[in-house]
Every structure is written in structure tokens, then in C-alpha cells.
Number of protein chains: 2
Amino acid sequence: MNVSAKPERTRLSAEDWEDAALRLIADQGVGALAVEALARQLGVTKGSFYWHFRTREALLQAALERWEQYGEREVISQIEAMPDPRARLPELFRRVAHEIAPHRVYAALLKALDHPQVVPVMARVSQRRMEFLTTIYREAGLPPPEALNRARLTYAAYVGFLQLNFTLGLPRISHEEFDAYVEHMITTLTPG
Amino acid sequence: MNVSAKPERTRLSAEDWEDAALRLIADQGVGALAVEALARQLGVTKGSFYWHFRTREALLQAALERWEQYGEREVISQIEAMPDPRARLPELFRRVAHEIAPHRVYAALLKALDHPQVVPVMARVSQRRMEFLTTIYREAGLPPPEALNRARLTYAAYVGFLQLNFTLGLPRISHEEFDAYVEHMITTLTPG
DNA sequence: CAATAACCATACGCTTGAGTATGGATGCTC
DNA sequence: GAGCATCCATACTCAAGCGTATGGTTATTG
């Protein structure tokens, strides 16, 4: 069982706190991560929290590590399993474009790059993703140095899109228009 | 005269506080904007601050408006003055890429999109810049709908670059490598 | 069914930072 | 140079949020 979403009034584990922390981060950012607020949301008090964690920092650290591991392993492996290398890029783009939920934590952490704790995590995650992108571009036929730069460009476009669209609410784009944008992006950034 | 940089011990004006606020924002982000810290940095105490501003929010608001107006008018007008439309894009790219200082406030505000006060300012500024970009792309020969999408893509790449490079310190790229990246970006995103 | 461990509540102390009250110092103006 | 407006210092209050101390409750185990 172990339904850890709503106040089921069962006793809490450290993981429950970490999940709640990630949810709160996705919703309101790292700055809003306060122990008393979290406790209220979980239907308990601080007394519970300080049994599971030594400090607020410890919770943030644990939540970040949890998020980093939970990772996007499935996406990467699924894309890698595709036989045709040229088909991987468009598929990756469309996938990322239409699954917004998993990117909300990443977008929130992007706005928290002043906190020393999130920097190394984001550095590792971003690095891994960009290496993956670089490989895909090489397998799609780009010479190594160009593949690297193209990956940088693509990933920057991804990050910027996150900020501009569901952090800032820039011109609330319609569904059709959004799809057109994605296709434009694919044709512009895909070699050949 | 009015040298408003170092503690010249002259009396302060509201504009001095706003400039100091912008400097602090560029350095440490909006979250670090505290009145007592600012006062220390200016060599005075809170007593001074609360004469010029009614509240901390008021200072942030004034600083943001000041920044928005101060704007990047020169850049835009200089680019617009170039006779050959096709030459404008590369010039704009290279310019933006090599003048880091003016973008530090923008990058800091990008990380503060949870604060309700900065959202409308950033929305307006980003909107204006993207419209400018769209115009340039149209004048460079792209049909209107594509010009808009290309502008979105380009601006997203810009925003993402800010985050990834001098907020997160992603792979400290060398000068030559950076120039190569900029050129790659130009050839990839420039039509024709 | 004790007894021990795991979990949580209540009540406190401490620090930080915003905002207020008030009086003193400095400049301007007639 | 007397008087008013401008600018700043000092000394508070108040709320938020982290962390601690301590005792109570629920589960678990021998």
C-alpha cells in the first residue's frame, strides 16, 4: 500500500518528507521550503520533522539527491533503444515538449541557483543530459565539435523555454501554435 | 559631479538607493535585497532608507522600473540603423555574446520569477525583445510565422545560456571555444 | 504484556529582518 | 543667521522561522 500523497494519518517516514518537499519545491520554489509549512501540509508538527532530519538543510539535501536518482532514466533508455538514429532527435523533442510535469522541479531548481546546495546537483544533471544530447547529435551525423555546440544550443533552448513559458507566463501560447513551434524547432535544430 | 559609486559621504537620494539595489541584485539576487545590508553597504543606517522609501517593496519596485527604462535602447537603435538586414543578426548575436555586464541583472531577475513584482517587468522586457527579434528575422527574409518561432527559439537559447553559464557555472568554457559556439549558433539560427 | 523503540505534540529560546518613533545633524532660503 | 525642510542615527517593537527540550503516544518485540 503506502499511499503517501494525501493525509492518510499513518505515520511518516523520511521519504514522505522528501516527496512532500519536492512537491512544494515544484509548486512554490526552494525558497518556500519551510519546515513548519511542510508539517502543516502533512498534518503534523515540527516535532515529527526533527525526528527524521537533523536540520532543514538536511531535508533539502536528501530531497535533491532523491530527485537526482529518481531521474529520467526511462526517457534516456527508451530513446537509446530506437533503431534509427535520425529518428531519435524528433522523438526526444516531442516527448519533452508534451510532458510538462517532470520538468517542474527542474524549472524550480533553475531559479534557485544561488543556493549552494542545488548548484552541484544541477551541474551534474545538466551535464549528463547534455552529454546524452551530444551523443545523439553525433549519431545523427554531426562531426564531434559541431555536435557538442549543437547540444549546447539545444539544451539552452530547453532551459530558456522552461523559464519563459511556465515560470514567466509569456504570451500564453495556444496548443496549435505550440505544436508549430516544436516542429519549427525540430527542423531548425536537426541536422540534414 | 555626483559620483554615486563609492561611499563619498555625500547625502543620498532615492536614485542612489535604486542603483545600489540593482547592483546588489546583480551580485546576489533579489532575495539578498535587505535594507539593513544595503544601508551598511552605503555607509548609512535604516533611518536613511525609510525616509526615501515607504517599504522594501517600494524600493524593489522603483529599482525595477528604473532598470526597465534605462533599458537597452542603444543596442536596439544601433542594430536598426544597419543598412543590410542580413548583417543585423550576426552583429546582434556577437554583441550580446561579448557584453556580459548588462545581462547580469536580467539573469538575476530570471531567478526571481516567483516574486510577483518582477513578473510583469520581465514579461514586458522579454516581450519587447522578442518582438524586436521577430522583426529582424522578417527583414532577413523569413515568412512571418516562421520569423516568430525563430525568434522564440533564439530568445529561449539566450535565456538558457544565461542560466547555464554564469548562473550555473557549467563546464567553464574557454574563450576560443565560446567564440566557436557563438559562430555555430549564428550559422544555425540565421536563415539562408 | 511489559519494555523498548519509533514517532509526534507542546512549549520554549534565539536570530534575522521589516517597520516605527523620535530626536539630532545638515543644508537651503529669505 | 533664523527657520524650515531634508537627511540620517539610535533605539525600540513585532513577526517569522529555525532549532531544542521534554514528555506523551503508538508500534514492536521478546
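Here, the structure is the one placed above.
Just so you know, these numbers come straight off a predicted model, no measurement behind them.

What counts as what
Residues numbered from 1 in each chain as written. Chains lettered and ligands numbered in written order. Predicted model: local features only at pLDDT ≥ 70, side-chain atom pairs only at ≥ 80, totals over all residues. Heavy atoms only, no water. Axes fitted to C-alpha atoms, helices over the stretch in contact; angles between N-to-C directions. Helix = DSSP H or I, 4+ residues; strand = E, 2+ residues; numbered from the N terminus. Parallel < 35°, antiparallel > 145°, perpendicular 65-115°, else oblique. Contact = heavy atoms within 4.5 Å. Nonpolar A, V, L, I, M, F, W, Y, C, P; charged D, E, K, R; others polar. Near = heavy atom within 4 Å. Polar contact = N/O pair within 3.5 Å; in protein donor to acceptor, adjacent residues only side chain to side chain. Buried < 20%, exposed > 50% of the residue type's maximum accessible area, 1.4 Å probe, protein only. Arc of directions from axis to C-beta. Buried area = accessible area lost by both parts, 1.4 Å probe. Phe/Tyr/Trp six-rings, centres within 6.5 Å; stacked < 30°, edge-to-face > 60°. Lys NZ or Arg CZ within 6 Å of the ring centre and 35° of its normal.

Caption draft 1: How the structure looks around the packing of helix H9 (residues 144-166) of chain A against helix H10 (residues 175-189) of chain B. For the pair H9 of chain A and H10 of chain B, interaxial distance at closest approach is 10 Å and the crossing angle is 70°. Classed by the angle they form, the pair H9 of chain A and H10 of chain B counts as roughly perpendicular. Across the interface between the two elements, Glu146, Leu148, Asn149, Arg150, Arg152, Leu153 and Ala156 of chain A of H9 of chain A pack against Glu177, Ala180, Tyr181, His184, Met185, Thr188 and Leu189 of chain B of H10 of chain B. Taken together, the residues of the contact of H9 of chain A with H10 of chain B sort by class into 7 nonpolar, 3 polar and 4 charged.

Caption draft 2: Quick look at the protein's contact with DNA strand C. Taken together, the neighbourhood of DNA strand C is formed by 18 residues, with Leu12, Thr45, Ser48 and Trp51 of chain A together with Lys46 of chain B sitting nearest. At 2.9 Å, a backbone N or O of Leu12 of chain A approaches a phosphate oxygen of DNA strand C. A distance of 2.9 Å is found between a phosphate oxygen of DNA strand C and a backbone nitrogen or oxygen belonging to Arg56 of chain B. When residues of the surface near DNA strand C are traced back to their parent elements, those giving at least two are helix H3 (46-52) of chain A together with helix H2 (35-42) and helix H3 (46-52) of chain B. A total of 4 residues in the surface near DNA strand C trace back to one element, the largest contributor, which is H3 of chain A. Across the surface near DNA strand C, the residue classes tally to 7 nonpolar, 6 polar and 5 charged.

Caption draft 3: Geometry of helix H2 (residues 35-42) of chain A. All names here are of chain A. For H2, every residue scored as buried is listed here: Val35, Leu38, Ala39 and Leu42. The buried residues of H2 occupy an angular sector of 100° when the element is viewed end-on, so they sit on one face. Contacts from the buried residues of H2 go to helix H1 (14-28), H3 and helix H4 (56-70). Directly beyond the C-terminal end of H2, a positive phi value near 80° is found at Gly43.

Caption draft 4: Spatial organisation of the interface of chain A and chain B. Contact with chain A, which involves 38 residues of that partner, is made by 37 residues of chain B. Taken together, both faces of the contact between chain A and chain B bury some 3,100 Å²; the carbon and sulfur share is 69%. The largest share of the area that chain A buries against chain B comes from Leu153, Leu168 and His184 of chain A, three residues that together contribute 18% of it. Mapped by element, the contributors of at least two residues to the side of chain A that touches chain B are helix H7 (103-110), helix H8 (118-139), H9 and helix H10 (175-189) of chain A. Per-element accounting of the side of chain A that touches chain B gives the leading share, 14 residues, to H9 of chain A. Of the residues contributing to the side of chain A that touches chain B, the split by class is 23 nonpolar, 9 polar and 6 charged.

Caption draft 5: Structural context of the packing of aromatic side chains. If you walk through the whole model with that rule in mind, you get 18 aromatic pairs over all chains. Aromatic side chains Trp17 of chain A and Phe49 of chain A sit 5.3 Å apart centroid to centroid with 75° between the ring planes, which places their arrangement in the edge-to-face category. Of this pair, Trp17 of chain A sits in helix H1 while Phe49 of chain A sits in helix H3; the two residues are 32 residues apart in sequence, bridging distant segments of the chain. Summarising the aromatic geometry, the rings of Tyr155 of chain B and Tyr158 of chain B are spaced 5.3 Å apart at their centres and angled 45° between planes, so their arrangement reads as tilted. Of this pair, Tyr155 of chain B and Tyr158 of chain B both sit in helix H9 (residues 144-166), 3 residues apart, which is roughly one turn of that helix. For Tyr158 of chain B, a relative accessible area of 13% gives the class buried. Aromatic ring contacts, followed pair by pair, group Trp17, Phe49, Tyr50 and Phe53 of chain A into a single cluster. The ring of Tyr106 of chain B has Arg129 of chain B lying over it, and the distance from NZ or CZ to the ring centre is 4.5 Å. In this structure, Arg150 of chain B is placed above the aromatic ring of Tyr137 of chain B, and the distance from its NZ or CZ to the ring centre is 6.0 Å.

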